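# Close look at the chain arrangement
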Amino acid sequence: MDWNDIGRATTLSLPDRLSVDIERLILDGKLAPGERLPPERELADHFGVSRVSIREALRELENRGLIDRRPGRGTIVLGPGERADVADGALGGLAALRPELHDIMELRAIVEPPIARITATRATDRDVAQLRELVEAMEVDVTKERYAELDRAFHQAIAQYAHNPLLELINEQIAQRIAPSRASRYQTRARRQASSIAHRRIFEAIAAGDAALAEDEARAHVLDISNQIAHAATTQEELPV
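So, here's what we can say about the structure. (Residues numbered from 1 in each chain as written. Predicted model: local features only at pLDDT ≥ 70, side-chain atom pairs only at ≥ 80, totals over all residues. Heavy atoms only, no water.)

## So, the overall build of the chain
Of the regular secondary structure elements, the chain holds ten helices and three strands. Going from N to C terminus, the chain has its helices and strands arranged as α-β-α-α-β-β-α-α-α-α-α-α-α. Counting all 241 residues of the chain, 47% fall into the buried class. Sequence-distant contacts in the chain: of pairs separated by 6 or more residues, those separated by 24 or more amount to 71%. Just so you have it, the chain exposes about 11,600 Å², and 50% of that area is on carbon and sulfur atoms. (Helix = DSSP H or I, 4+ residues; strand = E, 2+ residues; numbered from the N terminus. Buried < 20%, exposed > 50% of the residue type's maximum accessible area, 1.4 Å probe, protein only. Contact = heavy atoms within 4.5 Å. Areas by Shrake-Rupley, 256 points an atom, 1.4 Å probe, with all protein chains shown as cover.)

Spelled out as structure tokens, the structure:
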């Protein structure tokens, strides 16, 4: 792992900046579940910051359920299934189902817009900074596989920044089910560009704290994807991201 781009100058506090950058690595898969982070002293020496700043950044990530810190074992990146103790409850039943893609899109239309509304009222400065980086990363020319990773990370981050672990877990279950629609063979450049425009609109509404607009933009995005899927099903075209 190359840690050289972590902790760049920003309006965020240093601990928030560090936690945002490390969170981005986790969300886009560069830090995989089960991977061990360097010790606090090593990270502090590398960035030229105090161990207090490193400790605060890691505490923030731990509070968000992204890492697990235990004496003698170090700091471990957690996978989505490890981030909530309720996974074996009612939501575990969702994981056992095999719904059709259109069923999942109906669920997205019900779940994601209200989550975006809540996130617009709860997102912190560091949350907004994280979403901005994900949106900007999708707006450059990246591979189909990379775009799919960023797309999933963006939607999962919105759910996470509602600061409700149940909503995050529901969204993660949905993300697992729609993974086939993000596969490389189902993407086109035009559809990725359309998704990026929609993501930018959702982000800007959240950043502005406009709950109603965030919900409207999220709903429009999901419905647009649903319509494209329905069209593709009848014409045998590629599916959208």
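Having seen the model, we can carry on.
## Concerning the nonpolar core
Counting residues in each nonpolar core, the largest one holds 30 residues, and the members touching the most others are Ile-115, Leu-131, Phe-154, Ile-158 and Ile-206. Of the residues forming this core, the biggest block, seven residues, is contributed by helix H7 (residues 144–160). Apart from the residues lying within four places of it in its own chain, the contact partners of Ile-206 are Ala-116, Thr-119, Ala-120, Ala-123, Leu-131, Ile-158 and Ala-214. Among the nonpolar cores identified, the runner-up in size contains 17 residues, and Leu-37, Ala-44, Ile-54 and Leu-66 belong to it. (Core = buried A, V, L, I, M, F, W, Y, C linked by side-chain atoms within 4.5 Å.)

## Side note on helix H2 (residues 40–47)
Within H2 the residues assigned to the buried category are Glu-40, Leu-43, Ala-44 and Phe-47. Projected down its long axis, H2 carries its buried residues within an arc of 100°, all on one side. Residues of H2 that are exposed and point more than 90 degrees away from the buried face comprise Arg-41 and Asp-45. Here the buried face of H2 lies against helix H1 (14–27), helix H3 (51–63) and strand E2 (67–70). (Arc of directions from axis to C-beta.)

## Brief notes about the packing of helix H6 (residues 125–138) against helix H9 (residues 189–207)
Between H6 and H9, the shortest axis-to-axis distance is 10 Å and the interhelical angle comes to 165°. Taken together, the axis directions place H6 and H9 in an arrangement best described as roughly antiparallel. The element H6 and its partner H9 pack so that their crossing is left-handed. Contacts between H6 and H9 involve Val-128, Leu-131, Arg-132, Val-135, Glu-136 and Met-138 from the former and Ser-196, His-199, Arg-200, Phe-203, Ile-206 and Ala-207 from the latter. Looking at the contact of H6 with H9, its residues break down into seven nonpolar, two polar and three charged. (Axes fitted to C-alpha atoms, helices over the stretch in contact; angles between N-to-C directions. Parallel < 35°, antiparallel > 145°, perpendicular 65-115°, else oblique. Left-handed = near helix turned anticlockwise from the far one by under 90°. Nonpolar A, V, L, I, M, F, W, Y, C, P; charged D, E, K, R; others polar.)

## Re the sheet that holds strand E1 (residues 36–37)
Here three strands make up an open sheet; going across it, the order is E1-E3-E2 and the pairing antiparallel. Of all strands in the sheet, those bounded by a partner on one side alone are E1 and E2. Across four bridges, E2 lies against strand E3 (residues 74–77) in antiparallel orientation. If you follow Arg-69 over to E3, its bridge partner there is Thr-75. On top of the sheet, H3 reaches E1, E2 and E3; it is set at about 120° to E2, its chief contact. (Pairing = 2+ DSSP bridges.)

## Looking at the packing of helix H5 (residues 101–122) against H7
Each pair of packed helices gets described by two things: the angle between the helix axes and the distance between those axes. At a minimum axis distance of 8 Å, the contact between H5 and H7 shows a crossing angle of 60°. As judged from the angle between their axes, H5 and H7 are oblique. Along this stretch, H5 crosses H7, giving a crossing that reads as left-handed. Together, Arg-108, Glu-112, Ile-115, Ala-116 and Thr-119 of H5 and His-155, Ile-158 and Ala-159 of H7 make up the contact between the two elements. Looking at the contact of H5 with H7 residue by residue, the classes come out as four nonpolar, two polar and two charged.

All we've got here are geometric facts, nothing functional implied.
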